[in-house]
Amino acid sequence: MKGNFKYVCRYFSRSSIDITPEVKNALNNRKPVIALESALITHGLPYPKNVETALEMEHIIKSHNIIPATIGIINGRVKAGMCPEQINVLGMPAEKKTIKVSRRDFPYALSQGLNGGTTVSGTLVIANALGIKFFVTGGIGGVHIDGQNSLDISADLFELSRCAIMVVSAGIKSILDIGRTLEYLETVGVCVASYDSNGEFPAFYTKLSGYQSVCNVTSPYEAAGLLEQCQNTGSGVLLAVPILEERITKTEIDKAIENARQMCEKQGITGKNITPFVLSEVSRLTKGLSMETNISLLKNNSLIGSKIALEYYSKLSSTSKSVFEIKKSLNKSRKSPVVIGGSNVDYVLQVDEDLKVSTKKDIKVMQILRTQPMDDS
C-alpha cells in the first residue's frame, strides 16, 4: 500500500515497500501478526507443493484470528503480506530471475527490479522494521560443515541476535553443523529454547540431535514469557519445536545428507546454492520422505507459533503503544537533541577591553563572557 503509510520502518522507505491493509491495520491496533518467509516458496519446495504449503500455513494462522505476513520481493518491491496470486508468482517456474534475498541482497534485488524469496535473515530485517514479533519457518541456517575453516556461516544467526523476535522453527537445518551453530548463537546472545521436549534440541527431520537446549518451555504461556523478557535485551528467541511424527530415521537421513554433500562437492556448488541443492538431493534420495517431513513440520510450527502469539498479545497492556505510534513519537523527539552522558570542556574566552556596551543585554553578555569556568579538579 503506497502513499499514506507514513511510519513504515527503520530501514525501508515508502518507495520500496508495500504493506497490505490487513497487516497495517493489525500492527496499528496492536493485533498479532506472524511473518512468513518466501525463500521456502522460491527455493525450498518444488512447484506446486511450495505454493500449496505457503497457503496452508497462512490458513492455519488465520484460523487463530492472526494476520499472516508473507514477506518477499516482486518486481523490485518489498511485499509485507501477499495475496495468493503474488505467492503463485514467486512459486511458479518462470523465465524472470528469482533470487534468494538475505540482508546483503536487498540493494541488488530492489535496484534491478527482481523477484526474490526472503531467507530467514531477509525476513527478519523486514519483520523487525515493521515491529512484527513472531516469525514461523521450517529451520534456520547456521554454521556449515567445516565452517570453522570456510567461515560459511548463515547471516540468519547474526540477524536473530539484533531482532527481538521469536523464530518458531524445527531448529537448525540438519544438513548443517548443529553443535557449532548452537555455540555461535550463544556467542551472539540469542536465547535458544526447546518446546516441550525435556530440553532436547531437535534435528529438523528428527526429534533428537544429541544436543541440549539451554532452556525448555512447556506451554505457549511460558514461551510468550521468553519473548516478553527478550524485549529487554534486544536479541531474539529461537524456539525449536520437535516434529510430531518422525517419518524417517536419523540413520537414514544422515546417510542421505552425507551422499548429497559429496555430490555437492563434486559439482563445485558453493555459497547460498548449497542448501537448496542438498535439500533437493536429500528429498530425491529419501524418495520424498524428507519433503513430506518438511511440510509437516511447517504446518505444526504455524500452529504452535499461533498459540504463542495469542498468549503473548494477551499479556500486553491495552494502553501500550503500537509500533507506529512509538515511531511517530520518536520522529517528533528528533526535533530536539537529546544528550546522554556528558563531559567537561575547559575553555578560555578573551574579551576586548574596548568593547562598547550600549544596552543592559550587552552588559549581561559581557558578564557571562568574563566568567571563567571553575577548575573541576
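The residue numbers shown here count from 1 along each chain, following its written sequence. Totals for whole chains, interfaces and linings use every residue, but because this is a predicted model, local features are given only for residues with pLDDT of at least 70 and side-chain atom pairs only at 80 or more, for both listing and counting. Excluded from the side-chain calculations are hydrogens and water; all other atoms, namely the structure's heavy atoms, are used.

Looking up the protein in an unreviewed UniProt entry gives the name Pseudouridine-5'-phosphate glycosidase, with the organism given as Aphis glycines.

**Q** Explain the packing of helix α3 (residues 49-62) against helix α13 (residues 289-315) here, please?
**A** The packing of two helices is summarised by the inter-axis angle and the distance between the axes. Axis definition: a line fit to C-alpha positions, over the contact stretch in the case of helices; interaxial angles, taken between N-to-C directions, run 0 to 180 degrees. Runs of H or I in DSSP of at least four residues are treated as helices and runs of E of at least two as strands, each being numbered from the N terminus. The geometry of α3 relative to α13 is characterised by a closest axis approach of 8 Å and an angle of 20° between their N-to-C directions. As judged from the angle between their axes, α3 and α13 are roughly parallel. Of the two elements, α3 crosses α13, and the hand of that crossing is right-handed. On α13, the residues touching Lys49, Thr53, Glu56, Met57, Ile60 and Ile61 of α3 are Met291, Ile295, Leu298, Lys299, Ser302, Leu303 and Ser306. An angle below 35 degrees is treated as roughly parallel, one above 145 as roughly antiparallel, one from 65 to 115 as roughly perpendicular, and anything else as oblique. By definition, turning the near helix anticlockwise from the far helix through less than a right angle yields a left-handed crossing, and turning it clockwise yields a right-handed one. In what follows, residue pairs with any heavy atoms lying within 4.5 Å of each other are defined as contacts.

**Q** Help me out: how do you make sense of the pairing of strand β11 (residues 206-212) in this one?
**A** Every regular strand shows the same layout, with side chains that alternate between the two sheet faces. Strands were regarded as paired on the criterion that DSSP finds at least two bridges between them. Two strands pair when backbone bridges link them, and strand β10 (residues 200-203) and β11 are joined in this way by 3 bridges, in the antiparallel orientation. Within β11, the position partnered with Phe201 by the bridge is Tyr211.

**Q** Sorry, what's going on with the packing of helix α10 (residues 220-230) against α13 here?
**A** At a closest axis distance of 8 Å, the pairing of α10 and α13 adopts a crossing angle of 60°. Judged by the angle between their axes, α10 and α13 are oblique. The two elements α10 and α13 meet at a crossing, and its hand is right-handed. Residue-level inspection shows Pro220, Tyr221, Ala223, Ala224, Gly225, Leu227 and Glu228 of α10 in contact with α13, the latter providing Lys307, Ile308, Glu311, Tyr312 and Lys315. By the convention adopted, Pro, Cys, Tyr, Trp, Phe, Met, Ile, Leu, Val and Ala count as nonpolar, Lys, Arg, Asp and Glu as charged, and the other residues, Gly among them, as polar. The class makeup of the residues in the contact of α10 with α13 is 7 nonpolar, 1 polar and 4 charged.

**Q** Please clarify how the side chain of Ser290 should be interpreted in this entry.
**A** Note that Ser290 resides in helix α13. Think of it in three bands: with a 1.4 Å probe and only protein chains considered, a residue is buried below 20% of the maximum accessible area for its type, exposed above 50%, and partly exposed in between. Residue classification places Ser290 among the buried residues on the basis of a relative accessible area of 2%. If sequence neighbours within four positions are ignored, Ser290 has contacts with Tyr205, Ile253, Val282 and Ser283.

**Q** Looking at this structure, I do not really get the pairing of strand β6 (residues 115-118). What am I missing?
**A** Side chains of β6 alternate between two faces, with Asn115 and Gly117 and Gly116 and Thr118 buried alike. As defined by bridge partners, strand β3 (residues 67-74) adjoins β6 across 2 bridges and the pair is classed as antiparallel. Within the sheet, the bridge partner assigned to Gly72 lies in β6 and is Gly117. By the bridge criterion, 4 bridges tie strand β5 (residues 98-101) to β6 in an arrangement that is parallel. Bridge pairing in β6 links Ile99 to Gly116. Seen with the strands pointing away from the viewer, any crossover whose path from the first strand over the helix to the second strand runs clockwise is right-handed. Taken together, β5, helix α5 (residues 106-111) and β6 form a β-α-β motif whose crossover is right-handed.

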